Amino acid sequence: MRLQLNMALAILCIVILSACSTNRKLTYFNDIAAATGTDAASRLPQMRIQPGDVLQITIATYDKEVSMLLNPNQVSTPGISGNGMEQGYLVDSAGNISLPMAGKLNVQGKTTAEINDQVARELEKTIKNAYVSTRLVNFQVSVLGDVARPGSFRIGAERASVLDALSMAGDLNVTAKRDDIMIIREVNGVKNYTSINLNDSKMLSSPYYYLVNNDVIYVKPGPGKLFPTSRLLQLLPAILSTISLITTIVILSK
């Protein structure tokens, strides 16, 4: 009888260890011993404008008529117009935009703050004390693969991380591979591919941790994708059958 009880305890230990192992695979940043730390905001990358981006540039002056002239694309509700196009200035393939009274300006590789200064300097030649505000209005990323809600997502801010995008997609499914997330990024017409590991805290300092416009995140399915449940639930019928058999043997041996 003691032998049968020992066998039952051994099986229960295996079940518990299996559950712990499965849980560890589902968590992020397993190498972080303590949930403390700091990161300097000055090291965080700033978004750089690329061809294909759409900029909303608002220019305000003391003269209302001049302001209206300088904001021909300004609408009461920024966003998408009736024809489905973004309201704003499209950065062409050469990285240029054309503004009233400022002419053609190259903005490729610049931040929105640098564009503000650039436009203000050009307008200063004819207009005094112009206030310039620039924002990217077509910032979006796509999340594909083994997530709850794959799709393309609009970003309202100038900065978004991989974790932000995965949250918008409803997080990874339990079957997803967390140590091999692919990010596809186009820079100067060239597509770059990289893999990040969500189980490694070094990912937080990766140049791919913060996303840029039109990044694509592909979450690869793991080997358990063939099953809609976790490994523990897959083994549960066999475990219950084994425990039932051991219980029957114990009762009959009395």
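Above this text sits the structure in question.
What comes next concerns the included structure.

What counts as what
Residues numbered from 1 in each chain as written. Predicted model: local features only at pLDDT ≥ 70, side-chain atom pairs only at ≥ 80, totals over all residues. Heavy atoms only, no water. Salt bridge = Lys/Arg side-chain N within 4 Å of Asp/Glu carboxyl O. Helix = DSSP H or I, 4+ residues; strand = E, 2+ residues; numbered from the N terminus. Buried < 20%, exposed > 50% of the residue type's maximum accessible area, 1.4 Å probe, protein only. Pairing = 2+ DSSP bridges. Contact = heavy atoms within 4.5 Å. Axes fitted to C-alpha atoms, helices over the stretch in contact; angles between N-to-C directions. Phe/Tyr/Trp six-rings, centres within 6.5 Å; stacked < 30°, edge-to-face > 60°. Core = buried A, V, L, I, M, F, W, Y, C linked by side-chain atoms within 4.5 Å.

Before going further, it helps to examine the pattern of salt bridges. Under the definition given, this model contains six salt bridges. The salt bridge partner of Asp 215 is Arg 185, with a shortest N-O separation of 2.8 Å. Placement of the pair is Asp 215 in the loop between β9 (190–196) and β10 (216–221) and Arg 185 in strand β8 (residues 176–187), with a sequence separation of 30 residues. Residue classification places Asp 215 among the buried positions, given a relative accessible area of 1%. Linking Lys 191 and Glu 186 is a salt bridge whose minimum nitrogen-to-oxygen distance equals 3.2 Å. Under the relative-accessibility criterion, Lys 191 is labelled partly exposed at 47%. Note on Glu 186: relative accessible area 46%, which makes it partly exposed.

With that settled, consider the sheet that holds strand β1 (residues 54–60). One open sheet holds the three strands; their spatial order is β2-β1-β5, and the pairing between them is antiparallel. Every other strand in the sheet has two partners, leaving β2 (89–90) and β5 (131–136) as the edge strands with one partner each. As paired elements, β1 and β5 share six bridges and run antiparallel to each other. Each residue of the ladder has a partner; that of Thr 58, found in β5, is Ser 133. Sheet contacts for helix α3 (residues 112–123): β1 and β5; angle to β5, the most-contacted strand, approximately 145°.

Moving on to the sheet that holds strand β7 (residues 151–154). Sheet strands pair via backbone hydrogen bonds, and the direction of the pair is either parallel or antiparallel. A sheet is described by the order of its strands in space; here five strands give the open sequence β7-β6-β10-β8-β9, paired in mixed fashion. Looking at the sheet topology across the chains shown, the edges are occupied by β7 and β9. Here the strands of the sheet are splayed against their neighbours by 20° on average, with no regard to which way each runs. One ladder, built from four bridges, connects strand β6 (residues 140–145) with β10; its direction is parallel. The residue of β10 that forms the bridge with Ser 142 is Val 216.

For Met 101, which is not glycine, the phi torsion reads 70° and is therefore positive. Relative to the elements of secondary structure, Met 101 occurs in the loop between β3 (96–99) and β4 (103–106). You can call Met 101 partly exposed: its relative accessible area is 42%. Its identity is not glycine, yet Asn 129 carries a phi of approximately 60°, on the positive side. In this fold, Asn 129 is placed in the loop between α3 and β5.

Turning to the packing of aromatic side chains, a few remarks are in order. One pass over the structure, following the stated rule, counts one aromatic pair. Between Tyr 209 and Tyr 210, the aromatic rings sit 4.9 Å apart at their centres with planes inclined by 80°, giving edge-to-face as the arrangement. Across this residue pair, the class does not change: Tyr 209 and Tyr 210 are buried.

This part takes up the nonpolar core. The nonpolar side chains of soluble globular proteins are, as a tendency, buried together. Judged by nonpolar contacts, the single largest core of 44 residues is most densely connected at Leu 55, Ile 57, Ile 97, Leu 123, Leu 166 and Ile 217. Mapped onto this core, the elements with two or more residues apiece are β1, β3, α3, β5, β6, α4 (162–168), β8 and β10. Discounting chain neighbours no more than four positions away, the residues touching Ile 97 are Leu 55, Ile 57, Tyr 89, Leu 90, Val 91, Gly 103, Lys 104, Leu 105 and Val 107.

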